[in-house]
Amino acid sequence: MADKGPYANMRSGRFSIPKFTTLPSDLEAMRNMSPSEKDAYAERKLLEHKRALFQEFEVNRQQAIIESLVARCFNHCIQKPGPKMTTGQKRCVADCTDNMLGYQTAMMAMLVERAKRNKKTLRATDWGTMRR
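Since we're looking at a predicted model, the values are computed, not measured.

What to know about helix α3 (residues 35–77)
Note: α-helices contain 3.6 residues per turn, so residues at a spacing of three or four share the same orientation.
Consideration 1: For α3, built from 43 residues, the straight-helix expectation of 63 Å at 1.5 Å per residue is met to within 8% by its first-to-last C-alpha distance of 63 Å.
Consideration 2: All of the buried residues in α3 are Tyr-41, Ala-52, Glu-56, Leu-69, Cys-73 and Cys-77.

Some thoughts on the state of the cysteines
Consideration 1: Going through the model one piece at a time under the given rule, you end up with two disulfides.
Consideration 2: The disulfide partner of Cys-73 is Cys-96, and the S-S distance across this bridge is 2.1 Å. Its torsion about the S-S bond being -75°, the disulfide of Cys-73 and Cys-96 is classed as left-handed. Of this pair, Cys-73 sits in helix α3 while Cys-96 sits in helix α4 (residues 87–124), and the two are 23 residues apart along the sequence. An identical accessibility class is assigned to Cys-73 and Cys-96; each is buried.
Consideration 3: Covalent S-S linkage joins Cys-77 and Cys-92, the inter-sulfur distance amounting to 2.0 Å. The sign of the S-S torsion, about -70°, decides the handedness of the disulfide formed by Cys-77 and Cys-92: left-handed. Here Cys-77 is found in helix α3, whereas its partner Cys-92 is found in helix α4, with 15 residues between them in sequence.

Things to note about the nonpolar core
Consideration 1: Cys-73, Cys-77, Ile-78, Val-93 and Cys-96 together form the largest nonpolar core, which totals five residues.
Consideration 2: Counting only elements with at least two residues in this core, the list comes to α3 and α4.
Consideration 3: Here Ile-78 is in contact with Met-85, Gln-89 and Val-93, once residues within four sequence places are set aside.

Cut-off values and rules
- Residues numbered from 1 in each chain as written.
- Predicted model: local features only at pLDDT ≥ 70, side-chain atom pairs only at ≥ 80, totals over all residues.
- Heavy atoms only, no water.
- Helix = DSSP H or I, 4+ residues; strand = E, 2+ residues; numbered from the N terminus.
- Expected span 1.5 Å × (residues − 1).
- Buried < 20%, exposed > 50% of the residue type's maximum accessible area, 1.4 Å probe, protein only.
- Disulfide = S-S within 2.5 Å.
- Core = buried A, V, L, I, M, F, W, Y, C linked by side-chain atoms within 4.5 Å.
- Contact = heavy atoms within 4.5 Å.

Quick look at the structure:
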C-alpha cells in the first residue's frame, strides 16, 4: 500500500505519532547549520506540522457536522424506509440539509461578529481595573 503522508492515520480516526518521511534529508541539511539556524529551522518545521494537524482536525470536524446534519434530515424526511427513496424524500433531504447548512453558516457568522465586538470592547477597557 502506498504511503499517504505523515498524517494518513488521522483520516481513519486513529491518531499516532506522524511518520515524517523527510527527516533523513532534514538531518543532513541541519549538519551544516549554526545552532540558531537549527532552532529557526526546527520552529518552522514544527509550525508546518501544527498547521497540517489543525487542517486535518478542521476537515474532520466539518465532515462530522455535515454527517450529523444529513442524518438529522434523513430521520426527519424518511419515516418509512423502503427499498428506494422517492423523489419527494430526496428533495426533502436535500432541502433540509441546505437549510441547516445555511442556518449554521449564518450562526457562525453571527458568532464571529460577536467575538470581534467583544474583542474590541475588551481592548477599550482598562485591564488594570478588570483584575480582582
